[in-house]
Amino acid sequence: MAEPLVATYSIAACDLEARQWGVGVQSKFLAVGSVVPWAEPEVGAIATQAYANPRYGPDGLALLRDGLGASEVVERLTSDDEGRAERQLGVVDGKGNAASWTGPECNDWAGHRTGPGYAAQGNILVGEETVDALATTFEANARLPLAQRLIDCLAAAQAAGGDRRGQQSASLLVVQRDGGYAALSDSLVDLRVDDHEQPIQELRRIYELHFRLFGLSPREDWLPLEGKLRAEVDERLGRLGYDSLDAWAGVENLEERVDGDDAIDPVVLDALREASP
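A brief look at the structure comes next.

## Topic: the pairing of strand E5 (residues 44-51)
At step 1: For E5, the buried fraction is high: seven of the eight residues fall into the buried class.
At step 2: The pairing of strand E4 (residues 37-40) with E5 spans four bridges and is antiparallel. Considered in E5, the bridge of Ala39 is made with Ala45.
At step 3: If you look at the hairpin formed by E4 and E5, you'll find three residues sitting between the two strands, and Glu42 has a positive phi there, around 65°.
At step 4: When E5 meets strand E6 (residues 87-93), the two strands line up antiparallel, connected through seven bridges. Residue pairing in the sheet places Gln49 in a bridge with Gln88 of E6.

Below, the structure written as structure tokens:
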């Protein structure tokens, strides 16, 4: 059975200061997130596409885990694969080194671009400007969290032309050691839009919802729960039928943003005010 043609554009990348690795991807392909993106904290990130070989994901991470660098992993995976001429691959290793492969038989336009901390690649694109937009947007937005940075890369690539067949699905995967829910998971962000007319816009929408529920505001931005604010919060909770902020936040899936009863995350306060107009 032939491998699926994952005609798409993607960026595998890392933020070494935050110790995060991830992949952003968009394609005219159903549920592209089930095939292209792979990542492991402190190990690296991999995107496999074109006539995709999904084993590049786990096999490549295993090679990275064994200490091979990005270029060595690309060489090892493609040299052992008889279908390499139709494959496309991007790898970023645990040190931020990047490498890509675009097989000579990938459908036009196909190509890649790498730089410090990122590997950008695409096939069946309008032109090279799509991959250039991935790269230049990543390079220009180092101040942003990696997840937001990757979404912005996808949006810029689409604006530059994108997949010449159109849009269908998108995915965002970012990992960090113990960075996931309750610090019991390495999946900091793992979101997929499997079938949508505007998958990147939808991906951004659900990422913003994800950040609202599971993100963290700097502690110095939290507001002291005292005086008039304490009275307001208690009154709003009472109207909603709750006797504590913890109880209400647990129902609203905001428990990751509540820590004690002496201060409140501004995001939680905004959500409480919206729930109790």
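## Looking at the packing of aromatic side chains
At step 1: The full count for this structure, using the stated rule, is two aromatic pairs.
At step 2: Between Tyr118 and Phe138, the ring centres sit 5.3 Å apart and the planes meet at 55°, which makes this aromatic pair tilted. With Tyr118 in strand E9 (residues 118-122) and Phe138 in helix H3 (residues 129-140), the pair connects residues that are 20 residues apart, well separated along the chain.
At step 3: Judged by relative accessible area, which is 2%, Phe138 ranks as buried.
At step 4: Relative to Phe214, the ring of Tyr181 has its centre 6.0 Å away and its plane inclined at 85°; by these criteria the two rings are edge-to-face. Of the two residues, Tyr181 is situated in the loop between strand E10 (169-175) and strand E11 (187-193) and Phe214 in helix H5 (residues 199-214); the sequence distance between them amounts to 33 residues.
At step 5: For the cation-ring pair, Arg219 lies above Trp222, with the distance from its terminal atom to the ring centre recorded as 4.0 Å.
At step 6: In this arrangement the basic side chain of Arg257 is found over the ring face of Phe211, its NZ or CZ atom lying 5.0 Å from the centre.

What counts, and where the lines are drawn
Residue numbering note: each chain is counted from 1, following its sequence as written. Owing to the predicted nature of the model, reporting of local features is limited to residues with pLDDT of at least 70; listing and counting of side-chain atom pairs is limited to 80 or more, with chain, interface and lining totals taken over all residues. Side-chain metrics rest on all non-hydrogen atoms present in the structure, leaving aside hydrogens and water. Remark: exposure states derive from per-residue accessible area (1.4 Å probe, protein chains only) relative to the maximum for the residue type, with buried under 20%, exposed over 50%, and partly exposed in between. Going along the chain from the N terminus, every DSSP run of H or I of four or more residues is numbered as a helix, and every run of E of two or more is numbered as a strand. Strands are labelled as partners when DSSP assigns at least two bridges between them. Each Phe, Tyr or Trp ring, with Trp reduced to its six-membered ring, pairs with another whose centre is within 6.5 Å; inter-plane angles below 30 degrees give stacked pairs, above 60 give edge-to-face pairs, and intermediate values give tilted ones. Charge over a ring is defined by NZ of Lys or CZ of Arg lying within 6 Å of the ring centre and within 35 degrees of the ring normal.

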